[in-house]
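Examining the three-dimensional arrangement
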Amino acid sequence: MRIRRKPWIDEELKSNTRYIREAKEKKGKWNEYFGNENEIHIEIGCGKGQFIIENAKRNKNINYIGIEKDEQIVAYASRKLRQSEEEVEEIKNLTFFTGDAKELLEYFTVGEISRVYLNFSDPWRERKKWEKRRLTHRGFIELYKKLLNGKGEIYFKTDNKPLFEFTVDEFVHCNLEIKNKTYDLHSSDYKENIMTEYEERFSEKGMNIHRIEGHIKKQP
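One structure accompanies this document, and this report is about it.

How each quantity is defined
- Residues numbered from 1 in each chain as written.
- Predicted model: local features only at pLDDT ≥ 70, side-chain atom pairs only at ≥ 80, totals over all residues.
- Heavy atoms only, no water.
- Pairing = 2+ DSSP bridges.
- Helix = DSSP H or I, 4+ residues; strand = E, 2+ residues; numbered from the N terminus.
- Phe/Tyr/Trp six-rings, centres within 6.5 Å; stacked < 30°, edge-to-face > 60°.
- Buried < 20%, exposed > 50% of the residue type's maximum accessible area, 1.4 Å probe, protein only.
- Lys NZ or Arg CZ within 6 Å of the ring centre and 35° of its normal.

**Remarks on the sheet that holds strand E2 (residues 40–44)**
Taken together, eight strands build an open sheet; the order of strands is E1-E4-E3-E2-E5-E6-E8-E7 and the sheet is mixed. The open sheet terminates on both sides in strands that have one partner only, identified here as strand E1 (19–20) and strand E7 (176–182). Two strands pair when backbone bridges link them, and strand E3 (residues 63–68) and strand E4 (residues 94–98) are joined in this way by five bridges, in the parallel orientation. Residue Glu 68 lies in a different strand from E4, and its bridge partner there is Thr 98.

**As for the packing of aromatic side chains**
Considering all chains together, one arrives at 14 aromatic pairs under this definition. Centre to centre, the rings of Phe 140 and Tyr 144 are 6.3 Å apart; their planes meet at 25 degrees, and the pair counts as stacked. Linking Phe 140 with Tyr 144, this pair stays in helix H6 (residues 138–148), spanning four residues, or about one helical turn. In terms of burial, Phe 140 and Tyr 144 fall into one category: buried. Members of the aromatic cluster, each reached through a chain of ring pairs, are Trp 30, Tyr 33, Phe 34, Phe 97, Tyr 107 and Phe 108. If you follow Arg 211 out to its NZ or CZ, it ends over the ring of Tyr 190, 3.9 Å from the centre.

So this is what it looks like as structure tokens:
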């Protein structure tokens, strides 16, 4: 997704205190940054921030970090957070940074994360050899498992059925315990859903949303 660069973006990224410019310096120090020992949940590919901002509003006892590869997109998310804080009380448990999922171990230490959210990730469906680029490929899943340190969860949503079925297979291959699997989220019994911008758009078109959780199995 390419967005023409708006004139306000550079200033937003420079002045917004909820955008981290040197995220790698926070490695192993995220709880210190938030000022507490609460769990940390990350969203990889946070888009314009609707999903993770609403999560942060509802769950003040959890710290959230939104990660987006495109700094222009994350500028929208950072601005949305700032504007939300103008409407309600300060949202102290959320921050954003620009980063690549392949470099997660440069941003976080082993065991620093409790949950990973993946929402409407790029399916990379044009060529089979591009499967390794999918954020639910086993290579990435094993990376997330290192961050989760033998416990934790990976939550995934998509409108793309082939990608969803691919993800189910990858979760099984990586020995994750599958929970709350559904091919039609909005008709399911799952009541805690928070919609992303994409999800709202796809749902309005009558498209089914698929969702699954992969939980790291507890060792005996």
